[in-house]
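Structural description and commentary
What follows is each chain in one-letter form.
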Amino acid sequence: MITGKHLVAGDWIDSAVKFSSAPAHGPSYDFAAGTPELVDRACRAAEDAFWSYGYSSREERAKFLETIADEIDRRGAAITEIGTQETGLPEARLNGERGRTVGQLRLFADHIRKGDYLDRRHDQALPDREPLPRPDLKMVQRPIGPVAVFGASNFPLAFSTAGGDTAAALAAGCPVVVKGHSAHPGTGDIVAQAIEAAIKACGVHPGVFSQIQGGDRAVGQAVVQHPLIKAVGFTGSLAGGRALYDLCAARPEPIPFFGELGSVNPMFLLPAATKARGAEIGTGWAGSLTMGAGQFCTNPGIAVVIEGDAAKTFVEAAATALKEIGPQTMLTDGIAGAYCKGFETFRKQAGVTEVVASTPEGRTATPHLYTVPAKDWLGNEALSEEVFGPLGLVVTVADDAEMLDVARALQGQLTATLHLDGGDTALGRKLMPVLERKAGRVLVNGFPTGVEVCDSMVHGGPYPASTNFGATSVGTLSIRRFLRPVCYQNMPDALLPGDWG
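Okay, so let's go over this structure. (Residues numbered from 1 in each chain as written. Predicted model: local features only at pLDDT ≥ 70, side-chain atom pairs only at ≥ 80, totals over all residues. Heavy atoms only, no water.)

Notes on unusual backbone geometry
The amide bond that connects Glu-130 to the next residue, Pro-131, takes the cis arrangement and shows omega of 5 degrees. Checked against the element boundaries, Pro-131 lands in the loop between β5 (121-123) and β6 (137-143). With an omega dihedral of 5 degrees, the bond running from Tyr-463 to Pro-464 counts as a cis peptide bond. Inspection of the secondary structure puts Pro-464 in the loop between β20 (439-444) and β21 (483-489). Notably, Ala-293 is not glycine yet its phi reads approximately 60 degrees, a positive angle. Structurally, Ala-293 can be placed in the loop between α9 (271-290) and β13 (302-306). (Helix = DSSP H or I, 4+ residues; strand = E, 2+ residues; numbered from the N terminus.)

Here it is as structure tokens:
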């Protein structure tokens, strides 16, 4: 079922230059590599599609999203087969991620049908107002135009071809040009086929979706710099995301870059909770830390705890659980190499003690656990950076004040967690004003891995967690990224956009 080609406005296009997939197991396939010329073709088709799709009804767009979900489910077995081969992720994980992907498509369909996301406002005319009359004013959110989406390495479905960014843009009324991730091109190929089938079934302009596979950096640059692209959705590394962000800002017409880049997702263990259930929290942390080989953007890489016997119990429980975790396959050879570089960097830092060590081989990852006093952690940027993999760092603090110092020193995060009991409320109140300024989601007595797709979810945060602290890449609020408010003054009903009604 794999075409090995790009899908550009309804046409499957080959390229003279090829690249080969590098699966964790199973056969490798050749794929056409993208070019700036293909990017231009896709963007022009997206602009052409916008004149109809951007003015389609909410019901038409909702039906389109639901049809994409149905077509993805129809290809579920093939997607899981190629997805497990390319990524090394287990079958249950791929099936679960497919469920999340089609679930968010259907959720967005229901959401736009209701129309609340449009934030419609109406100030009626006041012709007799003194000293000046007021005109009739109506405001509604409108789609911005073609959107570029970069597929993510760690979520071959939920953050890639038909993932959250694509679903949000299509729900808003924006055509999409996807730059497929080379870590899972076969998965993206089959999902693109599903979208193509939905386009045909719904009679949508074929330029509403294109996917370009592979290619060098010039292809990614061409996508974000194309004058017809009006916004970019990205999930990936800090270095790669920042480079694309800078390109978006440097355009003659700067555009928003919605990048989710990196987070260590700190946990703060407050004294009463640590004393009462430190071992339980340690065991739970180990499970969250190693879930999916630690390749989740919400992986809780840092735990902050007040030094003492309770802290030792927590660390010992975490270490015991981590030692029972065997080697796990990582998404790519490059990610596995970066993980090895990361834990080697940690073990060389001043004040760091290695608690759990191992030597992974090839494309596998094994857990690592370190401790460091807060006095050595503070001011050492190397210990604050995300290591993509099952690595945990325990920062021990002397008292409540030093715990607050650590919280204030953190960069922006996707999540921050408090583990607390009734006796910890006072300290929790001191931490909350700091943590809500640092993170997009603050949770209590849980672990951040696992992001619910719903109305109230925020998956974003201050930089470097994301490049736009006012946005989320998960949940129905993510649709708002690809809309802008337009005010209509004294506008006849016949000229108002259909979304107004």
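Now, onward.
Focus on the packing of helix α13 (residues 400-409) against helix α14 (residues 425-438)
Relative placement of two packed helices is described by the angle separating their axes and the distance separating the axes. Across the interface, α13 lies against α14 with an axial gap of 9 Å and an inter-helix angle of 10 degrees. One finds that α13 runs roughly parallel with respect to α14. Across the interface between the two elements, Asp-400, Met-403, Leu-404, Ala-407 and Arg-408 of α13 pack against Leu-427, Lys-430, Leu-431, Val-434, Leu-435 and Lys-438 of α14. Of the residues that constitute the contact of α13 with α14, the class distribution is 7 nonpolar, no polar and 4 charged. (Axes fitted to C-alpha atoms, helices over the stretch in contact; angles between N-to-C directions. Parallel < 35°, antiparallel > 145°, perpendicular 65-115°, else oblique. Contact = heavy atoms within 4.5 Å. Nonpolar A, V, L, I, M, F, W, Y, C, P; charged D, E, K, R; others polar.)

Observations regarding the state of the cysteines
If you walk through the whole model with that rule in mind, you get 0 disulfides. Of all cysteine sulfurs in the structure, the one in Cys-174 sits closest to Cys-202, which takes part in no disulfide; the separation is 18 Å. According to the relative accessible area criterion, Cys-202 is partly exposed, its value standing at 28%. Free cysteine Cys-248: the closest other cysteine sulfur is in Cys-43, separated by 12 Å. We classify Cys-248 as buried; its relative accessible area is 0%. (Disulfide = S-S within 2.5 Å. Buried < 20%, exposed > 50% of the residue type's maximum accessible area, 1.4 Å probe, protein only.)

Describing the sheet that holds strand β8 (residues 176-179)
Spatially, the 7 strands line up as an open sheet ordered β2-β1-β9-β8-β7-β10-β11, and their pairing is mixed. Since the sheet does not close on itself, it has two edges, and those belong to β2 (11-13) and β11 (257-260), each with one partner. Averaged over all pairs of adjacent strands, the angle between their axes in this sheet comes to 20 degrees, without regard to strand direction. As paired strands, strand β10 (residues 231-235) and β11 are joined by 4 bridges and run parallel to one another. Its bridge partner lying in β11, Phe-234 is registered against Gly-259. (Pairing = 2+ DSSP bridges.)

Brief notes about the pairing of strand β18 (residues 391-397)
For β18, the buried fraction is high: 7 of the 7 residues fall into the buried class. The side-chain alternation of β18 yields two buried faces, one formed by Leu-391, Leu-393, Val-395 and Val-397 and the other by Gly-392, Val-394 and Thr-396. Here strand β17 (residues 368-373) pairs with β18 via 6 bridges, running parallel. Among the inter-strand pairings, His-368 is bridged to a residue of β18, identified as Leu-391.

Concerning the packing of helix α2 (residues 58-74) against helix α4 (residues 91-114)
Relative to each other, α2 and α4 sit at 165 degrees, their axes nearing to 8 Å. Relative to α4, the element α2 lies roughly antiparallel. Between α2 and α4 lies a crossing whose hand is left-handed. Between α2, through Arg-58, Glu-59, Arg-61, Ala-62, Lys-63, Leu-65, Glu-66, Ile-68, Ala-69, Asp-70, Ile-72 and Asp-73, and α4, the contact on the second element is made entirely by Arg-98, Val-102, Leu-105, Arg-106, Phe-108, Ala-109, Asp-110, Ile-112 and Arg-113. In the contact of α2 with α4, the residues fall into 10 nonpolar, no polar and 11 charged. (Left-handed = near helix turned anticlockwise from the far one by under 90°.)

Structural notes on the side chain of Ser-473
Following the sequence through the fold, Ser-473 ends up in the loop between β20 and β21. We classify Ser-473 as buried; its relative accessible area is 8%. With sequence-adjacent residues up to four places away left out, Ser-473 is seen in contact with Phe-159, Asp-165, His-459, Ser-478 and Arg-481.

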